[in-house]
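Here is what each chain is made of, one letter per residue.
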Amino acid sequence: MKISVAGTGYVGLVTAVCLAEKGNDVTCLDIDEDKISLLQKGISPIFEPGLEELMKKNKDNITYTNDYLKAYNDAQVIIIGVGTPEKKDGSANLKYVYEVARQIAQTVEHDCVVIVKSTVPVGTNDKVEQIIRENKKNNIFIEVVSNPEFLSQGTAVKDTLHATRIVLGVESKNAESTLREMYNNFNIPIVVTDRRSAEMIKYAANDFLALKISYINEMANLCEIVGANIDDVAKGMGMDPRIGDRFLNAGIGYGGSCFPKDTKALHWLASFNDYELKTVKAAIEVNENQKIKLIKKSRKYFDSFNGLNIAVLGLTFKPGTDDLRDAPSLVNIPLLIEDGAHVKAWDPVGADNFRKLFPDEIHYCESIEETLVNADICFIFTEWTEIKNFPLNKFKKLMRNPLILDGRNCYPLTEAEEAGLIYESIGRKKVN
Ligand code: UDX
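Values in this document were obtained by computation on a predicted structure and should not be read as measured data.

Let's shift gears to the environment of Val-280. Structurally, Val-280 is set in helix α12 (residues 278–291). Here the alpha-carbon distance between Val-280 and Ala-101, two residues 179 residues apart in the chain, equals 30 Å. Apart from the residues lying within four places of it in its own chain, the contact partners of Val-280 are Asp-207, Leu-211, Thr-263 and His-267.

Spelled out as structure tokens, the structure:
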């Protein structure tokens, strides 16, 4: 099939490459010239395991261009995968989606199907269809389908090629059969519904996962107060298949490009329709507080960070990505700096992006050891494998004061204690 994909971010690029892998002829379009020239050289502008290998393997099936006339000219399917960033009021900014819809209408001269893959509020697909209808050149038939993605950063290729489900929000049998043909080789269960329900499935799924995280974080906070251990509580809960054992890791809250944005966008949409989405609102509030949980814990040991040497391990919102969007490090590090701390930081892939935001205020280290030398406190914000595998006895050897504030529960409590550390994690305080 001839497919064009507008937007080469996580959603657009990964979708495009996976569709090429399945034998389709794919054109990737982006307005960003730098991104396109990188892609033309075979370099991915995003850090995503396995992606560059697949780009290379399928290079004869993928074209990268800035020219939308060329991209839309003879495509049977056009996928919209552009960003829907958060606006100041929490709602999703749809201007990029609508701009692409307008360009498609003004360019295409043949019948085709337009897929909205970007995460968009309920009703957006209707608006996209309306824009296309009002702007299209001649009497051609363009159908709009909602087909949200569920990929996670760091496992995006696997999540796309082996997705748990494909959701199709269609308004006609013709659109459904085009999409079924496109996904024919994927061998993944397909849920067919109307467009609004498909749009809703994406938000409902993401917000439920965010809620699950905030729930386990609140349980962790209560465990600390009453002297229970969240590891065991989560294990005991997760063995019930109705609950499931995933997304029950307590920590310093969720970040990333989806959960923070999608919880706020759904809450905004509900409020706009005079409905208060109480559970999602609570998930957002809990997460905001959770992000500064370690700073609050540190107050037990130090009134101020002024003049202290602080080691930070992990900057990204989760391991396996260089993405910093809504990462807890972005909330915590400015608080430490403002208070006069000397901050040294290490992250295996996120440091360069962090340096763009904080070029001079932080000393970036090449190794965990270098970061820990002479530190008074070590904050752990991301559970990178290198951090989890780091020998605990080295903390005591290298630091001036072995206080570890672990926001991702990287180490077993007993081992941390045996290594002589002052170790604070999330939800695992022992009864004294
Ligand atoms: C998420 C969804 O998982 C994905 O389906 C959707 O398409 C996009 O949003 P992503 O943002 O890439 O994917 O990361 P994810 O692995 O879901 O983690 C999001 C955040 O939640 C991270 O900050 C992570 O540290 C946190 N998290 C996750 C927890 O704090 N505890 C958990 O148990 C799981």
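Relative to each other, helix α9 (residues 195–226) and helix α11 (residues 259–272) sit at 115°, their axes nearing to 9 Å. The orientation of α9 relative to α11 falls into the category roughly perpendicular. Between α9 and α11 lies a crossing of left-handed hand. Two secondary-structure elements touch here, α9 through Met-200, Lys-202, Tyr-203, Asn-206, Asp-207, Leu-209, Ala-210 and Ile-213 and α11 through Phe-259, Asp-262, Thr-263, Ala-265 and Leu-266. A class-by-class count of the residues in the contact of α9 with α11 yields eight nonpolar, two polar and three charged.

This part covers the sheet that holds strand β12 (residues 377–380). Pairing is parallel in the open sheet, where six strands are placed in the order β11-β10-β9-β12-β13-β14. Of all the strands in the sheet, the pair left with one neighbour each is β11 (362–364) and β14 (422–424). Averaged over all adjacent pairs, the angle separating strand axes in this sheet is 20°, with direction ignored. Taken together, the three bridges between strand β13 (residues 403–406) and β14 define a ladder with parallel strand orientation. Counted as the bridge partner of Leu-405 is Glu-424 from β14. Taken strand by strand, helix α14 (residues 328–338) contacts β9 (309–313), β10 (342–346), β11 and β12, and its axis lies near 170° from that of β9.

So, about the site of the ligand. Near the ligand there are 18 residues, and of these Leu-151, Gln-153, Asn-249, Gly-255 and Phe-317 occur at the shortest range. In this structure, Phe-150 approaches the ligand through a main-chain N or O atom, which is 3.0 Å from an oxygen atom. In this structure, an oxygen atom belonging to the ligand sits 3.1 Å away from a side-chain N or O atom of Lys-202. Bound to the protein, the ligand loses 92% of the 660 Å² it would expose on its own. Residue composition of the shell around the ligand, grouped by class: nine nonpolar, five polar and four charged.

What follows concerns the nonpolar core. Tyr-72, Ile-80 and Val-128 are the most contacted members of the largest nonpolar core, which totals 40 residues. By residue number, the principal contributor to this core is helix α5 (residues 95–107), which donates six residues. Structurally, this core is a two-domain feature, drawing no fewer than three residues from each of domain 1 (2–193) and domain 2 (202–290). Of all hydrophobic cores here, the second largest spans 38 residues; its members include Ile-3, Val-14, Ala-156 and Ile-166.

Relative to the assigned elements, Asn-93 resides in the loop between β4 (77–80) and α5. Asn-93 gets classed as buried once you look at its relative accessible area, which sits at 18%. There is a polar contact of 3.1 Å between the side chain of Asn-93 and the backbone nitrogen of Lys-95. Those residues in contact with Asn-93 that sit more than four places away from it in its chain are Gly-83, Thr-84, Pro-85 and Lys-87.

So, on to the packing of α9 against helix α10 (residues 230–238). Describing two packed helices takes the angle between their axes plus the distance from one axis to the other. The N-to-C vectors of α9 and α10 enclose an angle of 135°; their axes lie 9 Å apart at closest approach. Taken together, the axis directions place α9 and α10 in an arrangement best described as oblique. Classified by chirality, the crossing of α10 by α9 is right-handed. Taking contact as the criterion, the partners of Tyr-215, Ile-216, Met-219, Ala-220 and Cys-223 in α9 are, on α10, Ile-230, Val-233, Ala-234 and Met-237. Looking at the contact of α9 with α10, its residues break down into nine nonpolar, no polar and no charged.

What counts, and where the lines are drawn
Residues numbered from 1 in each chain as written. Predicted model: local features only at pLDDT ≥ 70, side-chain atom pairs only at ≥ 80, totals over all residues. Heavy atoms only, no water. Helix = DSSP H or I, 4+ residues; strand = E, 2+ residues; numbered from the N terminus. Contact = heavy atoms within 4.5 Å. Axes fitted to C-alpha atoms, helices over the stretch in contact; angles between N-to-C directions. Parallel < 35°, antiparallel > 145°, perpendicular 65-115°, else oblique. Left-handed = near helix turned anticlockwise from the far one by under 90°. Nonpolar A, V, L, I, M, F, W, Y, C, P; charged D, E, K, R; others polar. Pairing = 2+ DSSP bridges. Near = heavy atom within 4 Å. Polar contact = N/O pair within 3.5 Å; in protein donor to acceptor, adjacent residues only side chain to side chain. Areas by Shrake-Rupley, 256 points an atom, 1.4 Å probe, with all protein chains shown as cover. Core = buried A, V, L, I, M, F, W, Y, C linked by side-chain atoms within 4.5 Å. Buried < 20%, exposed > 50% of the residue type's maximum accessible area, 1.4 Å probe, protein only. Domains from an automatic or database assignment.

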